Amino acid sequence: MKAISTPEVEIPPFIRGKERGSYWITTFGCQMNKADSERMAGILQSMGYQEASAELNADLVLYNTCSIRDNAEQKVYSYLGRQAQRKHDFPGLKLIVAGCVAQQEGEALLRRVPELDLVMGPQHANRLETLLNQVDNGQQVVATDEYLILEDLTTAKRDSKICAWVNVIYGCNERCTYCVVPSVRGKEQSRAPEAIKHEIEGLAALGYKEITLLGQNIDAYGRDLPGISSTGRRTNTLTDLLAFVHDVDGIERIRFATSHPRYFTSRLIQACADLPKLCEHFHIPFQSGSNEVLKAMGRGYTIERYKRILDQIRKLMPDASISADVIVAFPGESDSQFRETLSIVEELGFDQVNTAAYSPRPNTPAAKWPNQLPELIKVERLKELNALVEKVAKGRNGRYMGRIEEVLIEGFSPKNKNQLMGRTRTNRLTFFQSDGIQAGAYNPGDLVQVQINKVHSFSVSGIAL
Ligand code: SAH
Ligand code: SF4
Ligand code: F3S
């Protein structure tokens with residue numbers, strides 16, 4: 001393991017503000033990558049780059065990549081092929097690969113695509129300006145060493161004006177046997193509670209109404225921070241953080257993701273029920289319904305524990321929506337173990353389940369096991385599970401029919417400009433109409449009461465009251 005570098009001194013950006021050309025960022029993968037891309041876009045703009053109108057005429061192209069499964073990784077190579085070709089006609093093009101594939105492949109990416117200017121891992125996202133200055137000095141740069149993530153002093157260029165991501169913990173110290181994240185995102189690094197609150201206050205001042213606190217394993221928040229009470233309890237847990245940031249004026253809703261069943265505490269559930277801005281939606285992956293498979297995955301909980309968590313949530317917040325992630329055809333998964341997963345989906349009534357067939361990943365233990373399952377089984381199990389998930393989710397969605405829900409308006413429906421779009425507290429996408437829309441009676445950021453009169457598979461629609 002390489003040593004963590006010490007923070008570097010910020011170099012005054014002497015060419016800041018100068019016209020630099022246009023940039024294009026394509027983001028693959030999870031919310032963590034989306035948040036990193038928004039910060040990198042902010043850095044590029046502060047350096048004088050403007051957003052390009054199209055990928056194929058940008059002066060700087062950055063792919064923020066994902067390596068969670070092989071198909072996610074392969075996407076970037078096809079995108080890169082096109083840009084590498086373009087660089088032969090337009091040598092001024094700056095080509096950057098950031099994110100998890102960059103970290104995983106490092107210098108091997110330069111050998112594969114010699115046209116690249118910069119390969120940078122996720123821990124280096126906030127250093128984009130320094131790294132680009134090195135590129136401008138004529139270097140081909142690879143930044144994948146383990147790095148202490150610095151607070152970003154640039155304002156992120158966020159996609160939404162209403163809902164914002166706020167990183168609270170980077171990296172992951174778990175060792176799930178299938179997962180590439182710990183090796184590409186590095187060790188856990190929690191941000192200081194004061195820095196997080198400061199960012200949220202800044203967002204509130206800009207008019208943001210909803211924040212989602214982010215971490216790959218958000219329940220690990222604070223493990224690496226000081227803070228123990230006289231009774232020996234840690235005082236910098238996620239529960240403490242939620243209480244600490246809750247009262248920022250202007251912020252109406254708070255969410256967090258992703259929860260890990262191993263560390264999800266009763267204290268946290270109680271806090272979510274007690275704190276009014278905490279929304280009743282929880283994303284808690286269970287991965288498999290079989291205890292043997294969970295053990296082989298190294299998840300550190302049983303399915304009974306998982307069920308107890310859901311019971312506790314529903315006892316205190318009966319209408320809470322629950323989403324999860326599941327992997328099928330993990331090495332050695334038998335047909336009956338797969339059926340245990342199906343019965344959990346059926347029994348627990350999820351609002352949404354993200355499903356995937358197991359994909360062997362570099363530098364992970366399970367990839368080397370001899371009991372890999374054939375492609376056909378992966379496809380069949382995924383198909384069967386997806387059909388069940390759709391049925392269950394649709395059934396759950398039915399409960400909204402006729403109800404009055406509080407919706408935070410995010411903007412107009414992309415398909416129908418006479419409809420506004422937002423989400424319920426339970427994170428259900430909602431479209432609604434009203435005579436007042438044309439008259440401008442509603443604005444993004446408003447909270448409105450909507451009577452639901454139609455239920456679709458993944459959304460609901462209704463009329464504003
Ligand atoms: N930190 C989260 C999830 C991170 S990755 C957690 O602990 O649950 C997002 C999802 O991708 C995982 O929940 C898992 O369902 C899926 N995933 C991760 N590695 C995978 C692999 N090798 N093959 C298939 N799916 C995978
Ligand atoms: Fe991957 Fe497990 Fe960490 Fe989630 S908790 S990111 S699945 S290693
Ligand atoms: Fe993908 Fe990296 Fe996120 S592998 S899922 S972008 S942490």
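Residues numbered from 1 in each chain as written. Chains lettered and ligands numbered in written order. Predicted model: local features only at pLDDT ≥ 70, side-chain atom pairs only at ≥ 80, totals over all residues. Heavy atoms only, no water.

**Concerning the overall build of the protein chain**
Consideration 1: Assigned secondary structure in the protein chain consists of 13 helices and 19 strands.
Consideration 2: Over its C-alpha trace the protein chain gives a radius of gyration of 23 Å, about what one expects of a compact globule, namely 23 Å for 465 residues.
Consideration 3: Along the first, second and third principal axes, the C-alpha set of the protein chain runs to 65 × 60 × 55 Å.
Consideration 4: Within the protein chain, the proportion of its 465 residues that are buried is 54%.
Consideration 5: Partitioning the contacts of the protein chain with sequence separation of at least 6, the portion at a separation of at least 24 is 72%.
Consideration 6: When the accessible surface of the protein chain is summed, it comes to about 20,600 Å², and 53% of that surface belongs to carbon and sulfur atoms.
Consideration 7: The distance from the centre of the 56 positive side-chain charges to the centre of the 56 negative ones in the protein chain is 2 Å. (Helix = DSSP H or I, 4+ residues; strand = E, 2+ residues; numbered from the N terminus. Rg over C-alpha atoms; globule rule 2.2 N^0.38 Å. Buried < 20%, exposed > 50% of the residue type's maximum accessible area, 1.4 Å probe, protein only. Contact = heavy atoms within 4.5 Å. Areas by Shrake-Rupley, 256 points an atom, 1.4 Å probe, with all protein chains shown as cover. Lys, Arg positive; Asp, Glu negative; His and termini not counted. Charge placed at Lys NZ, Arg CZ, Asp CG, Glu CD.)

**With respect to the side chain of Arg158**
Consideration 1: By secondary structure assignment, the location of Arg158 is in the loop between strand S6 (141-143) and strand S7 (163-167).
Consideration 2: At 2.8 Å, the side chain of Arg158 and the backbone oxygen of Trp165 are in polar contact.
Consideration 3: Apart from residues lying up to four places away in sequence, Arg158 is in contact with Glu38, Ala164, Trp165, Glu199, Leu203 and Tyr208. (Polar contact = N/O pair within 3.5 Å; in protein donor to acceptor, adjacent residues only side chain to side chain.)

**Quick word on the sheet that holds strand S3 (residues 60-65)**
Strand pairing in a sheet relies on backbone hydrogen bonds. The paired strands run either parallel or antiparallel.
Consideration 1: Reading across from one edge, S2-S1-S3-S4-S5-S6 is the order of the six strands in this open sheet, with parallel pairing throughout. Edge strands, defined here as strands with exactly one partner in the open sheet, are strand S2 (49-51) and S6. Mean inter-strand twist for the sheet, computed between neighbouring axes without regard to direction, equals 20°.
Consideration 2: With respect to the sheet, helix H2 (residues 70-89) is in contact with strand S1 (21-27), S3 and strand S4 (94-99), its orientation differing from that of S3 by roughly 165°.
Consideration 3: The sheet strands contacting helix H5 (residues 128-136) are S2, S3, S4, strand S5 (118-120) and S6, and the helix crosses S5 at an angle near 155°. (Pairing = 2+ DSSP bridges. Axes fitted to C-alpha atoms, helices over the stretch in contact; angles between N-to-C directions.)

**Remarks on the packing of helix H9 (residues 266-274) against helix H11 (residues 303-316)**
Consideration 1: Axis separation between H9 and H11 bottoms out at 10 Å; the angle between their running directions is 25°. Of the possible angle classes, the one that applies to H9 and H11 is roughly parallel. Crossing hand, H9 versus H11: right-handed. On the side of H9, the interface is formed by Ser266, Ile269, Gln270 and Ala273, while H11 contributes Ile309, Gln312, Ile313 and Leu316. (Parallel < 35°, antiparallel > 145°, perpendicular 65-115°, else oblique. Left-handed = near helix turned anticlockwise from the far one by under 90°.)

**Some words on the site of ligand 2**
Consideration 1: What surrounds ligand 2 is the set Cys172, Glu174, Cys176, Tyr178, Cys179, Val181, Pro182, Gln216, His260 and Arg299.
Consideration 2: Of the residues assigned to the shell around ligand 2, the class counts are six nonpolar, two polar and two charged. (Near = heavy atom within 4 Å. Nonpolar A, V, L, I, M, F, W, Y, C, P; charged D, E, K, R; others polar.)

**A look at H2**
Two residues of an α-helix separated by three or four positions point the same way, owing to the 3.6 residues in each turn.
Consideration 1: In this model, H2 (20 residues) spans 31 Å end to end at C-alpha, consistent with the 28 Å of a helix rising 1.5 Å per residue.
Consideration 2: In the core, the buried residues of H2 are packed alongside S3, S4, helix H3 (100-105) and helix H4 (107-112). (Expected span 1.5 Å × (residues − 1).)

**Description of the domain arrangement of the protein chain**
Consideration 1: Examined at the domain level, the protein chain breaks down into domain 1 (22-143), domain 2 (163-397) and domain 3 (401-464).
Consideration 2: Taking the mean C-alpha position of each, domain 1 and domain 2 sit 28 Å from one another.
Consideration 3: Summing the contributions of domain 1 and of domain 2, the shared interface buries around 1,700 Å²; its carbon and sulfur component is 54%.
Consideration 4: Broken down residue by residue, the surface that domain 1 buries against domain 2 is led by Gln31, Met32 and Gln123, which jointly contribute 34%.
Consideration 5: Our enumeration of links across domain 1 and domain 2 arrives at three salt bridges.
Consideration 6: Between Glu73 and Arg361 there is a salt bridge, and its shortest N-O distance comes to 2.8 Å.
Consideration 7: Across the domain 1-domain 2 interface, the total number found is eight residue pairs in polar contact (both at pLDDT 80 or more). (Domains from an automatic or database assignment. Buried area = accessible area lost by both parts, 1.4 Å probe. Salt bridge = Lys/Arg side-chain N within 4 Å of Asp/Glu carboxyl O.)

**Examining helix H7 (residues 193-205)**
Consideration 1: Here H7 spans 18 Å end to end across 13 residues, near enough to the 18 Å set by a 1.5 Å rise per residue.
Consideration 2: Of the surrounding elements, those touching the buried residues of H7 are S7, strand S10 (210-214) and helix H8 (238-245).
Consideration 3: Count one or two residues on from H7 and you reach Gly207, which has phi positive near 100°.

**Considering the site of ligand 1**
Consideration 1: In the neighbourhood of ligand 1, 15 residues make up the surrounding shell, with Tyr178, Gln216, Gln287, Asp325 and Ser359 lying closest.
Consideration 2: One of the side-chain N or O atoms of Arg299 is found 3.1 Å from an oxygen atom in ligand 1.
Consideration 3: Contact between ligand 1 and Ser359: a nitrogen atom at 2.8 Å from a main-chain N or O atom of the residue.
Consideration 4: Relative to its free-state accessible area of 540 Å², ligand 1 is covered by the protein chains to the extent of 89%.
Consideration 5: Breaking the shell around ligand 1 down by element, the ones donating at least two residues are strand S13 (321-328) and strand S14 (352-357).
Consideration 6: Split by residue class, the shell around ligand 1 holds seven nonpolar, four polar and four charged.

**Here we look at the environment of Gln103**
Consideration 1: Structurally, the position occupied by Gln103 is in helix H3.
Consideration 2: Expressed as a C-alpha distance, the spacing of Gln103 and Ile269, which sit 166 residues apart in the sequence, is 35 Å.
Consideration 3: Contacts of Gln103, omitting those with residues within four sequence positions, involve Gly121, Pro122, Thr144, Ser183 and Val184.
Consideration 4: Among the polar contacts made by the side chain of Gln103, one reaches the main-chain carbonyl oxygen of Thr144 at a distance of 2.8 Å.

**Focus: the packing of H11 against helix H12 (residues 335-348)**
Consideration 1: Their axes nearest at 12 Å, the elements H11 and H12 cross at an angle of 10°. In terms of axis orientation, H11 runs roughly parallel to H12. In contact with Ile303, Tyr306, Lys307, Leu310 and Arg314 of H11, H12 contributes Ile344, Glu347 and Leu348.
Consideration 2: Of the residues contributing to the contact of H11 with H12, the split by class is five nonpolar, no polar and three charged.

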